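Each chain, letter by letter, is given below.
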Amino acid sequence: MGIIEIVLIGLGLAMDAFAVSICKGLSMKKMNWKSAIIISLYFGIFQAFMPVVGYFLGSTFESFVTNIDHWIAFVLLSLIGGNMIKESFDSEDTKKNDKVDFKTMIVLAIATSIDALAIGITFAFFEVNLLLSISIIGIITFLLSIIGVKIGNKFGDKYQNKAEFVGGLILVLLGIKILLEHLGILVI
């Protein structure tokens, strides 16, 4: 897996955190940079940490699934991406909450990074520089979260569903690309 794929995965994974960051920005009467950095650190750190957990889970079971690793990556990425696309059409309003305390943020950080755990499992089946990958994912999530808070504070929840849709689409397309490459249909 090359750097372009890792960046695309990072962008796809960061869309949940970006969408929640928009909501956090919405709930702020005035832009609070300290809160934006706290929110972004939680999301960035968890998005970087969860693939490590997934990687070690995947590595443990690698010998059992080496022949079907591309199918696993395809299914996981498609399910995660498909779910994100589905959620982008949900009209439920997220409860507005401007708190950035540990209890609030840990729940949000875990919820937005579960898909990163699944990505980590797929990393175990490919030649991936884990440190570089998690660094890219964490930095992208951190930056997009800060941008999300600012956008939410300035423009409202107009972009939340679009961000989730784009993130889901990126993950589905990456899953298809991995499958087609391993089946020999696509050579890149």
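Our structure is the block above this text.
Reading the values: rules and limits
- Residues numbered from 1 in each chain as written.
- Predicted model: local features only at pLDDT ≥ 70, side-chain atom pairs only at ≥ 80, totals over all residues.
- Heavy atoms only, no water.
- Helix = DSSP H or I, 4+ residues; strand = E, 2+ residues; numbered from the N terminus.
- Buried < 20%, exposed > 50% of the residue type's maximum accessible area, 1.4 Å probe, protein only.
- Contact = heavy atoms within 4.5 Å.
- Areas by Shrake-Rupley, 256 points an atom, 1.4 Å probe, with all protein chains shown as cover.
- Axes fitted to C-alpha atoms, helices over the stretch in contact; angles between N-to-C directions.
- Parallel < 35°, antiparallel > 145°, perpendicular 65-115°, else oblique.
- Left-handed = near helix turned anticlockwise from the far one by under 90°.
- Nonpolar A, V, L, I, M, F, W, Y, C, P; charged D, E, K, R; others polar.
- Phe/Tyr/Trp six-rings, centres within 6.5 Å; stacked < 30°, edge-to-face > 60°.

*Asks:* Explain the overall build of the protein chain to me, and be specific about the residues and the numbers.
*Replies:* For the protein chain, the count of helices and strands is seven helices and zero strands. Burial status across the protein chain gives 49% buried among its 188 residues. A sequence separation of at least 24 residues applies to 92% of the contacts in the protein chain between residues at least 6 apart. Accessible area of the protein chain: about 9,800 Å², with a carbon and sulfur share of 69%.

*Asks:* Before we move on, can you summarise the packing of helix α1 (residues 3–26) against helix α5 (residues 102–123) with the specific residues and values?
*Replies:* Running from amino to carboxyl end, α1 crosses α5 at an angle of 165°, the nearest separation of the two axes being 11 Å. Regarding the angle of α1 to α5, the classification is roughly antiparallel. As for the relative orientation of α1 and α5, their crossing is right-handed in sense. Touching I6, I9, L13, D16, A17, V20 and K24 of α1 are T104, M105, L108, T112, D115, A116, I119 and F123, all from α5. Classifying every residue of the contact of α1 with α5 gives ten nonpolar, two polar and three charged.

*Asks:* Talk me through the packing of aromatic side chains; I want residue IDs and the actual numbers.
*Replies:* Applying the stated criterion across every chain yields a total of one aromatic pair. Their ring planes at 90° and their centres at 5.5 Å tell us that Y55 and F56 sit as a pair that is edge-to-face.

*Asks:* Could you give me a rundown of the environment of I110, with the residues and numbers involved?
*Replies:* In this fold, I110 is placed in helix α5. Residue I110 is classed as partly exposed on the basis of its relative accessible area, which comes to 36%. Measuring from C-alpha to C-alpha, the distance between I110 and Y42 comes to 9.1 Å, with 68 residues separating the pair along the chain.

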